[in-house]
Amino acid sequence: MWRLLRPDAEAVLHDKKARKSLGRYFDVMQNAKPAKFQLAKKLPAEFSETDSTEKLWKLHDELTGAYYELEKQVDSRLKLFSELETPRKSFLDLKIEIARRIMENCHLCARRCGVNRWKGELGFCGCGVQITVSSFFAHMGEEPELVPSGTIFTLGCTMRCLHCQNWTISQWMEAGELYTPKQLARVIERLRSEGCRNVNLVGGEPTPWLQQWLETFSHVNVNVPVVWNSNSYYSEETAKLLAGFADVYLLDFKYGKGTCAERISAAPKYWENCTRNHLYAGKHGELIIRVLVLPEHLECCTKPILKWIAKNLGENTRTNVMFQYRPEWRAHEIPELRRRLTQSEMEKAVEYARRAGLKNFIT
């Protein structure tokens, strides 16, 4: 059925540009290679819960290099994944333990609220310790290479975008349903068995739930690419933990260097955090960037974003120049956001992408 609804999702399998930028994702999707979380489970990590956090991070840094060497060997078939032993403790277990400690003084996102979520304290995102799910289903509205995408929408967000289209999810207007990691693992396996190409961690925002997501995948017994669908406003520590876990970074690039991020989304230092996290993503996984074009924000945001992508990540970076903006939630509080894009603005955004030198962008 999805082939009738989204013929481009079938055609993209033969798209040379898409396959060049997302080659490993396509292989994992078609079960030709193991997902990163599967490999992380096979890499031994010798640590104790009594070790200092500093010691755990040092080990994590060492094992990140070892992980990518293992990935290289398995991908080139110098080692067979089927012959790798499962260690008593793994690289994935180490990530879970570090993320658990971060939540004691929470700094998973760029805000670094510092609350102890294990003691019931809530920061800006409003997220506690048990993951809260709005819905999950095979999504037909994502980029063609992702469709059908096994999306899992979690409540809470690290930003406060006044034009948020998922505001009932991001702002806890829904009750949601609590899930344990084992329950979520079964959801993921079901979505994969129903033909989803990936599992798409979204919201809201997945960042506050990183520890729970890592633990969830320790219980997943199928091969499926992990898509980290994020606003990019997360800490460097989170970026490090995502290395060797996220197969595809589906990252928003929302604002330029000015005050737009703080004015519209209450996100100070967005540019600094966003650019750093895109560089991490480009180094440690495969990347799809979403650039939502906003009315009257082409010069301050869209243009410099597209130029930065081409210069720092390369002209073949898969980039979605998005024209889906519509006034939602509290968008009326920002005068220029009270309307949709004009045809002229859409044409100008495409022209900016071309002038930047991007050769693998879609709209």
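Quick caveat: nothing in here was measured; it's all calculated off a predicted structure.

A. View of the layout of surface pockets. Estimated volume of the largest pocket: approximately 910 Å³. Around the largest pocket, the lining comprises 36 residues; the ones closest to its centre are Gln-165, Asn-166, Asp-252, Arg-290 and Met-322. Listing elements by their share of the lining of the largest pocket, those giving two or more residues are β2 (149-154), β5 (226-230), β7 (286-292) and β8 (318-322). Roughly 190 Å³ of volume is contained in the second largest pocket. Every residue lining the second largest pocket is counted, 13 residues in all, and those nearest its centre are Ser-21, Gly-282, Leu-287, Leu-313 and Thr-317.

B. Representation of empty space enclosed by the protein within the structure. This model, assessed by the stated rule, comprises three cavities of 30 Å³ or more. What the largest cavity holds in volume is close to 100 Å³. Lining the largest cavity are 14 residues, with Cys-106, Cys-109, Cys-113, Phe-124 and Cys-125 sitting closest to its centre. Among the residues forming the lining of the largest cavity, the class breakdown is eight nonpolar, four polar and two charged. Taken as a whole, the second largest cavity spans an internal volume of roughly 40 Å³. In terms of lining, the second largest cavity is formed by Phe-253, Lys-254, Val-291, Leu-292, Val-293, Leu-294, His-297, Cys-301, Thr-302 and Ile-305. Broken down by secondary-structure element, the contributors of at least two residues to the lining of the second largest cavity are β7 and α14 (298-312). When residues of the lining of the second largest cavity are assigned to their parent elements, the largest contribution, three residues, is made by α14.

C. Structural detail: the nonpolar core. Core analysis: the biggest nonpolar cluster contains 100 residues, and Trp-213, Phe-217 and Tyr-255 have the highest contact counts within it. Per element, the largest residue contribution to this core is eight residues, and it comes from helix α6 (residues 53-75). Counting 12 residues, the second largest nonpolar core, distinct from the first, contains Leu-13, Tyr-25, Val-248 and Leu-250.

D. Geometry of the packing of helix α13 (residues 270-284) against α14. Closest axis-to-axis distance for the α13/α14 pair is 11 Å, and the angle between their directions is 30°. Considering only the axes of α13 and α14, their crossing is right-handed. For the pair α13 and α14, contact is made by Trp-271, Thr-275, His-278 and Leu-279 and by Pro-304, Ile-305, Trp-308 and Asn-312, respectively. Across the contact of α13 with α14, the residue classes tally to five nonpolar, three polar and no charged.

E. Region of the structure containing the sheet that holds strand β3 (residues 177-178). The sheet built from nine strands is open, its strands ordered β3-β1-β2-β4-β5-β6-β7-β8-β9 with mixed pairing. Of all the strands in the sheet, just β3 and β9 (361-362) have a single pairing partner and so form its edges. When strand β1 (residues 132-139) meets β3, the two strands line up antiparallel, connected through two bridges. Note on β3: the bridge partner recorded for Thr-132 is Leu-178.

F. Summary view of unusual backbone geometry. Here the amide bond leading from Val-147 into Pro-148 is cis, since omega sits at -10°, within 30 degrees of zero. In this structure, Pro-148 sits in the loop between β1 and β2. With omega at 20°, the peptide bond leading from Gly-203 into Gly-204 counts as cis. With respect to the element layout, Gly-204 can be found in the loop between β4 (198-202) and α10 (210-217). Notably, Ser-232 is not glycine yet its phi reads approximately 75°, a positive angle. Of the residues examined, Ser-232 reaches a relative accessible area of 0% and is grouped as buried.

G. Main features of the side chain of Asp-247. Inspection of the secondary structure puts Asp-247 in the loop between α11 (236-242) and β6 (248-252). Judged by relative accessible area, which is 4%, Asp-247 ranks as buried. Polar side-chain contacts of Asp-247 include one of 2.8 Å to the backbone nitrogen of Val-226.

H. Focus on a nonpolar patch on the surface. On the surface, a cluster of nonpolar side chains totalling about 410 Å² of accessible area is made up of Met-1, Leu-4 and Leu-5. Take Met-1: it is sitting in the segment before α1 (2-5). The exposure class of Met-1 is exposed, given its relative accessible area of 73%.

I. Layout of the pattern of salt bridges. Applying the stated criterion to the full structure yields 26 salt bridges. One salt bridge in this structure joins Asp-247 and Arg-24, with 3.8 Å as the shortest N-O distance. One end of the pair, Asp-247, is in the loop between α11 and β6; the other, Arg-24, is in helix α4 (residues 23-29), with 223 residues separating them in the sequence. We classify Arg-24 as buried; its relative accessible area is 11%. In this structure, a network of salt bridges that share partners links the residues Arg-24, Lys-36, Glu-71, Asp-75 and Asp-247.

J. Main features of α13. Taking 1.5 Å per residue, 15 residues should reach 21 Å; α13 reaches 21 Å between its end C-alpha atoms and fits that length. Of all the residues in α13, the buried ones are Tyr-270, Trp-271, Asn-273, Cys-274, Thr-275, Asn-277, His-278, Tyr-280, Ala-281 and His-284.

Thresholds, definitions, all that
- Residues numbered from 1 in each chain as written.
- Predicted model: local features only at pLDDT ≥ 70, side-chain atom pairs only at ≥ 80, totals over all residues.
- Heavy atoms only, no water.
- 1 Å grid on protein atoms, 1.4 Å probe; cavity = no way out; pocket = protein on both sides within 12 Å on 5 of 7 lines; lining within 4 Å.
- Points joined across faces, edges and corners; volume = space filled by probe spheres on them.
- Helix = DSSP H or I, 4+ residues; strand = E, 2+ residues; numbered from the N terminus.
- Nonpolar A, V, L, I, M, F, W, Y, C, P; charged D, E, K, R; others polar.
- Core = buried A, V, L, I, M, F, W, Y, C linked by side-chain atoms within 4.5 Å.
- Buried < 20%, exposed > 50% of the residue type's maximum accessible area, 1.4 Å probe, protein only.
- Axes fitted to C-alpha atoms, helices over the stretch in contact; angles between N-to-C directions.
- Left-handed = near helix turned anticlockwise from the far one by under 90°.
- Contact = heavy atoms within 4.5 Å.
- Pairing = 2+ DSSP bridges.
- Polar contact = N/O pair within 3.5 Å; in protein donor to acceptor, adjacent residues only side chain to side chain.
- Patch = residues over 30% accessible without salt bridge, like charges linked within 9 Å, V, L, I, M, F, W, Y side chains within 5 Å.
- Areas by Shrake-Rupley, 256 points an atom, 1.4 Å probe, with all protein chains shown as cover.
- Salt bridge = Lys/Arg side-chain N within 4 Å of Asp/Glu carboxyl O.
- Expected span 1.5 Å × (residues − 1).

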